[in-house]
Amino acid sequence: DVKVTQSSRYLVKRTGEKVFLECVQDMDHENMFWYRQDPGLGLRLIYFSYDVKMKEKGDIPEGYSVSREKKERFSLILESASTNQTSMYLCASTLGTGKTQYFGPGTRLLVL
Amino acid sequence: DQQVKQNSPSLSVQEGRISILNCDYTNSMFDYFLWYKKYPAEGPTFLISISSIKDKNEDGRFTVFLNKSAKHLSLHIVPSQPGDSAVYFCAASGADSWGKFQFGAGTQVVVTP
C-alpha cells in the first residue's frame, strides 16, 4: 500500500520566514509533485521531479523552490513566505510512466 | 486560464439516486483523464480513469463517459451513498505534457439520506 506522508498537517508562519514542507513516499516512486489547492482553483502544480536532483517547474513556481536529494523525499521551500502563499499544499508521487498519483494528506499553511 | 473546468461547485443528491458530475476541457492534446475523490483533511485518492481511445469506463458504481468531440467528460455514481459525500476533482493529461496533470476546481457532492 502506497504511503505518502507530509511533515506537518498545519503550519503557521510569519511573513518573510523561510518555510520547509517535506514529503516522503515509501514505494520507490520516481516522480514526485507539489501542488497547492485553493478554493475555486483546484490543484495547481508548483514543481515536480522525475529523479533525484532533477526538478521541473510546474504552472506556478514563483516564490517556491524544491529539493530532491533522496528518491523518497521531496521538499518544498518558501524562501520568504508571503500572505498569498496561505494555502493547502499537497504532495503526490507516481511510479515511472504511471498515471495514477498518490497523494499525501496535505499541509495547511497559514502565513500571517 | 484553466484548461479543465468543473462548472458546478456543488451537487446535492438523495441516497440511492444517480450523481452526475461534469468536466469540460479546452486542450485537444489531452488524452488521459482521471477522477479523484477527496475527503476533508485527507489527500485526494484515485477513483477512476479513461483513455481517449475509449468513450466509457466502468468500475462498480462509478462510470466515466468521454465525449472527445465536445471535450467533455462526466462521472456517474449509481446508486449514490452517504460515503460518497466528498469533493471530486477531474484531471487531464496529454502525451505532450509527460505525467503533468491539469485539475479542475472540484465539485462538492453531498448525499442526503
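Details of the structure are given in the entry above.
Residues numbered from 1 in each chain as written. Chains lettered and ligands numbered in written order. Predicted model: local features only at pLDDT ≥ 70, side-chain atom pairs only at ≥ 80, totals over all residues. Heavy atoms only, no water.

Participant: Any chance you could explain the layout of surface pockets here in plain terms?
Facilitator: Unfilled space is identified by rolling a water-sized probe across the atoms. Approximately 230 Å³ is the volume found for the largest pocket. Along its surface, the largest pocket is lined by 16 residues, and Gln37(A), Val87(B), Phe89(B), Ala105(B) and Gln108(B) are the ones closest to its centre. If you list the elements that add at least two residues to the lining of the largest pocket, you get β4 (31-38) of chain A together with β9 (86-94) of chain B. Considering only residue class, the lining of the largest pocket consists of seven nonpolar, seven polar and two charged. Computed from the structure, the second largest pocket encloses a volume of approximately 190 Å³. Lining the second largest pocket, in full, are Leu41(A), Leu43(A), Arg44(A), Asp59(A), Asp1(B), Gln2(B), Gln3(B), Val4(B), Gln102(B) and Phe103(B). Among the elements of the structure, β5 (42-49) of chain A together with β10 (102-103) of chain B are those that each provide at least two residues to the lining of the second largest pocket. Residue classes in the lining of the second largest pocket are distributed as four nonpolar, three polar and three charged. (1 Å grid on protein atoms, 1.4 Å probe; cavity = no way out; pocket = protein on both sides within 12 Å on 5 of 7 lines; lining within 4 Å. Points joined across faces, edges and corners; volume = space filled by probe spheres on them. Helix = DSSP H or I, 4+ residues; strand = E, 2+ residues; numbered from the N terminus. Nonpolar A, V, L, I, M, F, W, Y, C, P; charged D, E, K, R; others polar.)

Participant: Whenever I open this one, the state of the cysteines confuses me. Can you help?
Facilitator: Among covalent bonds in proteins, the disulfide is the one between the sulfur atoms of two cysteines. A complete count under the given rule lists two disulfides over all chains for this structure. The disulfide partner of Cys23(A) is Cys91(A), and the S-S distance across this bridge is 1.8 Å. Judged by the sign of its S-S torsion, about -75°, the bond between Cys23(A) and Cys91(A) is left-handed. Residue Cys23(A) is found in strand β3 (residues 19-25), and its partner Cys91(A) is found in strand β9 (residues 87-94); the two are separated by 68 residues along the sequence. Each member of the pair, Cys23(A) as well as Cys91(A), carries the same accessibility label: buried. Disulfide partner of Cys23(B): Cys90(B), at an S-S distance of 2.0 Å. Between Cys23(B) and Cys90(B) the disulfide shows an S-S torsion of about -75°. By sign, it is left-handed. In this pair, Cys23(B) is assigned in strand β3 (residues 19-25) and Cys90(B) in strand β9, connecting sequence segments 67 residues apart. On the basis of relative accessibility, which here comes to 0%, the residue Cys23(B) falls in the buried class. (Disulfide = S-S within 2.5 Å. Buried < 20%, exposed > 50% of the residue type's maximum accessible area, 1.4 Å probe, protein only.)

Participant: Mind showing me how you'd approach the environment of Trp34(A) here?
Facilitator: Residue and element names in this part refer to chain A. Looking at the secondary structure, you find Trp-34 in strand β4. Judged by relative accessible area, which is 0%, Trp-34 ranks as buried. Along the backbone, Trp-34 and Leu-21 are 13 residues apart, and their C-alpha atoms lie at a distance of 9.8 Å.

Participant: So what exactly am I meant to see when it comes to the pattern of salt bridges here?
Facilitator: Opposite charge on two side chains permits them to pair, given that their charged atoms come into close proximity. Residue and element names in this part refer to chain A. The tally for this structure, following the rule as stated, stands at nine salt bridges over all chains. Arg-73 is the partner of Glu-22 in a salt bridge, and the nearest nitrogen-oxygen pair spans 2.9 Å. Of this pair, Glu-22 sits in strand β3 while Arg-73 sits in strand β8 (residues 73-78), and the two are 51 residues apart along the sequence. Given the relative accessible area of 34%, Arg-73 is considered partly exposed. Across the pair Arg-44 and Asp-38 runs a salt bridge whose closest N-O atoms are separated by 2.9 Å. Overall, Asp-38 belongs to the buried group, its relative accessible area being 11%. One salt-bridge network, held together by shared partners, links Arg-36, Asp-38 and Arg-44. (Salt bridge = Lys/Arg side-chain N within 4 Å of Asp/Glu carboxyl O.)

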